[in-house]
2 protein chains.
Amino acid sequence: MTENDARGDASVTLPPQAGPSGAAAAKLARSIPEATVARLAVYLRMLGELAEQGAETVSSEELATATGVNSAKLRKDLSYIGSYGIRGVGYEVAALHHQIERTLGLDHQQAVALVGVGNLGHALAGYSGFGGRGFPVAALFDVDPDLVGIHINGILVEHVRDIARVCAERGVTIGMIATPGPAAQAVCDQLVRAGVECILNFAPVLLQVPEQVEVRKVDLAVELQVLAFHVARRRAAEAAPGANGAHGPVPATNGSAVLPR
Amino acid sequence: MTENDARGDASVTLPPQAGPSGAAAAKLARSIPEATVARLAVYLRMLGELAEQGAETVSSEELATATGVNSAKLRKDLSYIGSYGIRGVGYEVAALHHQIERTLGLDHQQAVALVGVGNLGHALAGYSGFGGRGFPVAALFDVDPDLVGIHINGILVEHVRDIARVCAERGVTIGMIATPGPAAQAVCDQLVRAGVECILNFAPVLLQVPEQVEVRKVDLAVELQVLAFHVARRRAAEAAPGANGAHGPVPATNGSAVLPR
DNA sequence: TAGTGTGAATTGCTTCACAGCA
DNA sequence: TGCTGTGAAGCAATTCACACTA
């Protein structure tokens, strides 16, 4: 996907990061493909697990297998952030974990605001994975008088009209929109006015934003429809064998990773 | 990229669909890029909205603008499913809607089973968008004794051990896994044993499946991390102007679409 | 010697630009 | 005349294959 897939301008320029390391700086000042950025996040999670298990090093082959990519792609991905491998040995788990964290900007926390605490929003607010991964939910908003004023996971639900003030106060950098479709654009405008420049959109609408604002869309209905397409294709292939149906390696690898309960 | 995004083998073969139309059959028996399949689902939703508003026809330009793609891409996408446009006029909304539905296999309902009705799973079970879009949730499963036996949205939560029997009985074709990571593989194996060949995975693990099974992964942590990367990049660009920071058109277009409350 | 880092080849997606039809 | 449908060009991402080094 894809999709997660498929975007117009796919690579981004990574300016030299403030911080240590001079040798790496020149290297970092290059373009990292968007697809690579998404995979780095996946590698990062696996490196965390490996570290917990006490592994000191991994080879590209091991890490690639564990994350469902091929090893050449993995090495190329890592080469975009610099050369931290040891030839003949592999990568030092802790060091690589740290480098990826730095590259993704996870070395400082990012406060997240969630707008819309209905069905899905409520689940997102209660998802413990965010805080643990450096994305503390700092504010919740809704318009429903039954919801405004309650606490979810210890966080007060405030009225949407206060978005600008509250986000500014708490240094929110990322907004998540989990409202019904018709409300999403207005909420988005509020977030943008509050200075938020990155938005994760769960509402089934195309958001209009100024060009400096980055939007990612998550659409579960589309995911299901893509799967439905595969079901249909398979059925047709079974009904009419002889036609070259499904085949070729079908790795269980797609857009990205996950969220448990 | 969307992923949604980045997959190994990207295009699929579409065998001739059973059903009417002989002229189209040859056309349909070709490969449709995965990226196109995902966008077709987006066009489909917009066509539904246009139909509700009473529109009879749309031009590629209008439909493209409304869905956030460029018109050449849209026309090429539609050309994969056949030639249903009228030169000088545009596309007939109802006919195109119907064709895309058929291509995606949405002309017959697909029963969905959801495993894991914790935080996220509960939200998914309550999401009204599925049933309305041809994906009725036909079964819910969990292992928690406090959950097994309750009803959510009128659907009984059953024990995971009954997956095989219940899925077979109800003709489930798509499974959604919203369990904690460690439980996901075992649940996946159960679904596969029950004959499910398409799985939407919300757990943060790489599922091992036989090659005929299609898996799509949705990982909210990865989405946030990709956004975090953009925040970091932007900050660095501001801190060090002169370096060529962000720029170029940044369309609010990514993997795919959405899910309201 | 095992395994990284990377130029070069390849594949597949996107965009262009225009011929052709209603 | 206006807009579709599509070959061809242009790009981005993946994969190959091997020089290189710890």
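Cut-offs and rules
- Residues numbered from 1 in each chain as written.
- Chains lettered and ligands numbered in written order.
- Predicted model: local features only at pLDDT ≥ 70, side-chain atom pairs only at ≥ 80, totals over all residues.
- Heavy atoms only, no water.
- Helix = DSSP H or I, 4+ residues; strand = E, 2+ residues; numbered from the N terminus.
- Buried < 20%, exposed > 50% of the residue type's maximum accessible area, 1.4 Å probe, protein only.
- Contact = heavy atoms within 4.5 Å.
- Areas by Shrake-Rupley, 256 points an atom, 1.4 Å probe, with all protein chains shown as cover.
- Pairing = 2+ DSSP bridges.
- Axes fitted to C-alpha atoms, helices over the stretch in contact; angles between N-to-C directions.
- Parallel < 35°, antiparallel > 145°, perpendicular 65-115°, else oblique.
- Nonpolar A, V, L, I, M, F, W, Y, C, P; charged D, E, K, R; others polar.
- Phe/Tyr/Trp six-rings, centres within 6.5 Å; stacked < 30°, edge-to-face > 60°.
- Expected span 1.5 Å × (residues − 1).
- Polar contact = N/O pair within 3.5 Å; in protein donor to acceptor, adjacent residues only side chain to side chain.
- Near = heavy atom within 4 Å.
- UniProt positions renumbered as here; feature names shortened; annotations may be inferred.
- Salt bridge = Lys/Arg side-chain N within 4 Å of Asp/Glu carboxyl O.
- pLDDT = per-residue confidence, 0-100.
- Core = buried A, V, L, I, M, F, W, Y, C linked by side-chain atoms within 4.5 Å.

Participant: Can you explain the overall build of chain A? Please cite residues and give values.
Facilitator: From N to C terminus, chain A includes 10 helices and 13 strands. The proportion of buried residues among the 261 residues of chain A is 55%. Across chain A, every contact between residues at least 6 apart in sequence was considered, and the portion connecting residues at least 24 apart equals 55%. Accessible surface for chain A amounts to roughly 10200 Å². Of this, 54% is attributable to carbon and sulfur atoms.

Participant: Can you lay out the pairing of strand E13 (residues 214–217) of chain A for me, pointing to particular residues and giving the numbers?
Facilitator: Residue and element names in this part refer to chain A. On E13, burial covers both faces: Glu214 and Arg216 on one face and Val215 and Lys217 on the other are all buried. Of the pairings in the sheet, the one linking strand E12 (residues 198–201) to E13 comprises four bridges and is parallel in character. From the neighbouring strand, Ile199 faces E13, where its bridge partner is Val215.

Participant: Let's hear about the environment of Arg133 of chain B: which residues, and what values?
Facilitator: Within the secondary structure layout, Arg133 of chain B lies in the loop between helix H7 (129–132) and strand E7 (137–142). Placed 88 residues apart in sequence, Arg133 of chain B and Arg45 of chain B show a C-alpha to C-alpha distance of 9.6 Å. Apart from the residues within four sequence positions on either side, Arg133 of chain B is in contact with Ala221 and Gln225 of chain A together with Arg45 of chain B.

Participant: So what's going on with the packing of helix H3 (residues 60–67) of chain B against helix H4 (residues 71–81) of chain B? Residues and values would help.
Facilitator: Residues and elements named next belong to chain B. Where H3 contacts H4, the two axes come as close as 8 Å, and the packing angle between them is 105 degrees. One element, H3, and the other, H4, form an angle in the roughly perpendicular class. Note on element contacts: H4 touches H3 through Ser71, Leu74 and Arg75, opposite Ser60, Glu61, Leu63 and Ala64. Taken together, the residues that form the contact of H3 with H4 break down as three nonpolar, two polar and two charged.

Participant: Before we move on, could you go through the packing of aromatic side chains and cite the residues and values that matter?
Facilitator: The geometry of two aromatic rings is summed up by the distance between their centres and the angle between their planes. Residues and elements named next belong to chain A. Counted by the stated rule, this structure contains two aromatic pairs over all chains. Considering the side-chain rings of Tyr127 and Phe130, the 4.7 Å spacing of their centres and the 85 degrees angle between planes classify their relative orientation as edge-to-face. An identical accessibility class is assigned to Tyr127 and Phe130; each is buried.

Participant: Before we move on, can you summarise helix H10 (residues 220–239) of chain A with the specific residues and values?
Facilitator: All names here are of chain A. Taking 1.5 Å as the rise per residue, H10 with 20 residues should run 28 Å; its terminal C-alpha atoms sit 29 Å apart, in good agreement. The buried fraction of H10 amounts to 17 of the 20 residues, a majority that puts the element mostly inside the structure. Two or three places before Ala221, at the opening of H10, Asp219 has a side-chain oxygen 2.9 Å from that residue's backbone nitrogen.

Participant: Before we move on, could you go through the protein's contact with DNA strand C and cite the residues and values that matter?
Facilitator: Within the structure, DNA strand C sits among 26 residues, and Ser60, Arg75, Arg87 and Tyr91 of chain A together with Arg39 of chain B are positioned closest to it. If you look at DNA strand C and keep only atoms within 4 Å of the protein, 62% of those are sugar or phosphate atoms. One of the backbone N or O atoms of Tyr84 of chain A is found 3.5 Å from a phosphate oxygen in DNA strand C. Within the backbone of Gly85 of chain A, a nitrogen or oxygen atom sits 3.0 Å from a phosphate oxygen of DNA strand C. The biggest single contributor to the surface near DNA strand C is H4 of chain B, with four residues. Partitioned by chemical class, the residues of the surface near DNA strand C number nine nonpolar, eight polar and nine charged.

Participant: Account for the sheet that holds strand E5 (residues 90–92) of chain B, naming residues and giving values.
Facilitator: Residues and elements named next belong to chain B. With antiparallel pairing, three strands are arranged side by side in an open sheet as E3-E5-E4. Two strands bound the open sheet, and with one partner strand each, they are strand E3 (57–58) and strand E4 (85–86). Where E4 lies against E5, two bridges are found, and the strand directions are antiparallel. Directly across from Ile86, in E5, lies its bridge partner Gly90.

Participant: Help me get a handle on the UniProt feature "binding site: NAD(+)" (unreviewed entry) in chain A, residues and values and all.
Facilitator: UniProt marks Gly116, Val117, Gly118, Asn119, Leu120 and Gly121 of chain A with the feature "binding site: NAD(+)" (unreviewed entry), using the numbering shown here. Mapped onto the elements of the fold, Gly118 of chain A is located in the loop between strand E7 (111–115) and helix H6 (119–126). On the basis of relative accessibility, which here comes to 13%, the residue Gly118 of chain A falls in the buried class. Looking at where Asn119 of chain A falls in the secondary structure, it is placed in helix H6. Polar side-chain contacts of Asn119 of chain A include one of 2.9 Å to the backbone oxygen of Ala123 of chain B.

Participant: Outline the pattern of salt bridges, supporting the account with residue identities and numerical values.
Facilitator: According to the stated counting rule, one finds 16 salt bridges over all chains in the structure shown. Note that Glu197 of chain B and Arg234 of chain A form a salt bridge whose closest N and O atoms lie 3.8 Å from each other. With one member in each of two chains, Glu197 of chain B in the loop between helix H9 (181–193) and strand E11 (198–201) and Arg234 of chain A in helix H10 form a pair that bridges those chains. A salt bridge links Asp77 of chain B to Arg39 of chain B, with the nearest nitrogen and oxygen atoms 2.7 Å apart. Here Asp77 of chain B is found in helix H4, whereas its partner Arg39 of chain B is found in helix H2 (residues 34–52), with 38 residues between them in sequence. The residues Asp77 of chain B and Arg39 of chain B share a single accessibility class, namely buried.

Participant: Go over the sheet that holds strand E5 (residues 85–86) of chain A with me, naming the residues and quoting the values.
Facilitator: Pairing between sheet strands relies on hydrogen bonds along the backbone, with the strands arranged either parallel or antiparallel. All names here are of chain A. Across the sheet, three strands lie side by side as E4-E6-E5; this open sheet has antiparallel pairing. Taken across any chain shown, the strands that pair with only one partner, and hence form the sheet edges, are strand E4 (57–58) and E5. Note that E4 and strand E6 (residues 90–92) share two bridges and pair antiparallel. Looking at E6, one finds that Thr57 is bridged to Glu92. Along the sheet, helix H5 (residues 93–103) contacts E4 and E6; its crossing angle with E6, the most-contacted strand, is approximately 75 degrees.

Participant: Residues and numbers for the confidence of the model for chain A, please.
Facilitator: The predicted model of chain A has a mean per-residue pLDDT of 84, with 80% of residues at 70 or higher. Across residues 1–11 of chain A, confidence stays below pLDDT 50; counting only partners more than four residues off in sequence or on other chains, it has 59 contacts.

Participant: Which residues make up the nonpolar core, and what are the values?
Facilitator: Ile100 of chain A together with Ile100 of chain B are the most contacted members of the largest nonpolar core, which totals 108 residues. In this structure, Leu191, Ala203, Leu207 and Val213 of chain A belong to the second largest nonpolar core, which totals 24 residues.

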